[in-house]
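Notes for the structure review
What follows is the residue order along each chain.
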Amino acid sequence: MAGMEQTLLLVKPDGVHRNLVGEVLARIERKGYVIADLKMLTATTEILSEHYSEHREKPFFADLLKYMSVGPVVAAVIEGSRVVEGVRSLSGSTEPTMAAPGTIRGDLGRDWGNGQIENIVHSSDSPESAEREIAIWFK
Ligand SMILES: Nc1nc2c(ncn2[C@@H]2O[C@H](COP(=O)(O)OP(=O)(O)OP(=O)(O)O)[C@@H](O)[C@H]2O)c(=O)[nH]1
Ligand SMILES: [Mg+2]
């Protein structure tokens, strides 16, 4: 279909641990997007280094990889028109404390005051990122 797009959604280990997989996927589905593929896995350092390669030089990179590998994640390919922007919008901004109420991060995420951010989900930030990331998680 013209304009149909895909994005990568991850329910991060904190979201899985807190039993929020259904809550997150329900929000995606209620918006009218389609779950085109879905799996649960514990991410390896190799996958995470590739996925977050843009952050390799950041001071929080080691913490980010640790946070993302403490338990399983749920990876999903989500489909719909303008789905990249749409799922970013449903996710909310990076820091849960400041993320808008009504968003996944605003309603469900926390940062813990010690620099640790537990923001429940990842979603691709552009169609190009989505294509790159889907290839990493669904190869
Ligand atoms: N501990 C810590 N983690 C951070 C910080 N900034 C970003 N992160 C983590 O790194 C992830 C990726 O950062 P960004 O790509 O800038 O943020 P984002 O696009 O909203 O989040 P993603 O969807 O996970 O990519 C964030 O979601 C956080 O989990 C930080 O300053 N400290
Ligand atoms: Mg990002």
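The following paragraphs examine the structure supplied in this document.

Each value, and the rule that gives it
- Residues numbered from 1 in each chain as written.
- Chains lettered and ligands numbered in written order.
- Predicted model: local features only at pLDDT ≥ 70, side-chain atom pairs only at ≥ 80, totals over all residues.
- Heavy atoms only, no water.
- Helix = DSSP H or I, 4+ residues; strand = E, 2+ residues; numbered from the N terminus.
- Buried < 20%, exposed > 50% of the residue type's maximum accessible area, 1.4 Å probe, protein only.
- Polar contact = N/O pair within 3.5 Å; in protein donor to acceptor, adjacent residues only side chain to side chain.
- Salt bridge = Lys/Arg side-chain N within 4 Å of Asp/Glu carboxyl O.
- Near = heavy atom within 4 Å.
- Areas by Shrake-Rupley, 256 points an atom, 1.4 Å probe, with all protein chains shown as cover.
- Nonpolar A, V, L, I, M, F, W, Y, C, P; charged D, E, K, R; others polar.
- Pairing = 2+ DSSP bridges.

Side note on the side chain of histidine 55
Within the element layout of this structure, histidine 55 appears in the loop between helix H3 (45-51) and helix H4 (61-69). Residue histidine 55 is classed as buried on the basis of its relative accessible area, which comes to 16%. Looking at histidine 55, its side chain comes within polar contact range of the side chain of lysine 58, at 2.8 Å.

Regarding the pattern of salt bridges
For the coordinates displayed, the defined rule picks out four salt bridges. Linking glutamate 23 and arginine 27 is a salt bridge whose minimum nitrogen-to-oxygen distance equals 2.7 Å. Linking glutamate 23 with arginine 27, this pair stays in helix H2 (residues 21-30), spanning four residues, or about one helical turn. Residue class for arginine 27 comes out buried when judged on its relative accessible area of 16%. One salt bridge in this structure joins lysine 139 and glutamate 50, with 3.7 Å as the shortest N-O distance. Pair noted here: lysine 139 is in the segment after helix H7 (127-137) and glutamate 50 is in helix H3, with a separation of 89 residues, a long-range link. By sharing partners, the salt bridges in this structure join Glu23, Arg27 and Asp107 into a single network.

Brief notes about the site of ligand 1
In the vicinity of ligand 1, 14 residues are found, and the nearest of them are Tyr52, His55, Thr94, Asn119 and His122. A distance of 2.6 Å is found between an oxygen atom of ligand 1 and a side-chain nitrogen or oxygen belonging to tyrosine 52. Taking asparagine 119, its side chain carries an N or O atom lying 2.8 Å from an oxygen atom of ligand 1. Its free accessible area being 590 Å², ligand 1 has 79% of it covered by the protein chains. Breaking the shell around ligand 1 down by element, the ones donating at least two residues are H4 and strand E6 (121-123). Class assignment of the residues belonging to the shell around ligand 1 gives a composition of five nonpolar, six polar and three charged.

As for the pairing of strand E1 (residues 4-11)
Across eight bridges, E1 lies against strand E3 (residues 73-81) in antiparallel orientation. Across the sheet, residue leucine 9 finds its bridge partner in E3, namely alanine 76. Pairing analysis gives three bridges linking E1 to E6, with the strands arranged antiparallel. Looking across to E6, one finds that leucine 9 is bridged to serine 123.

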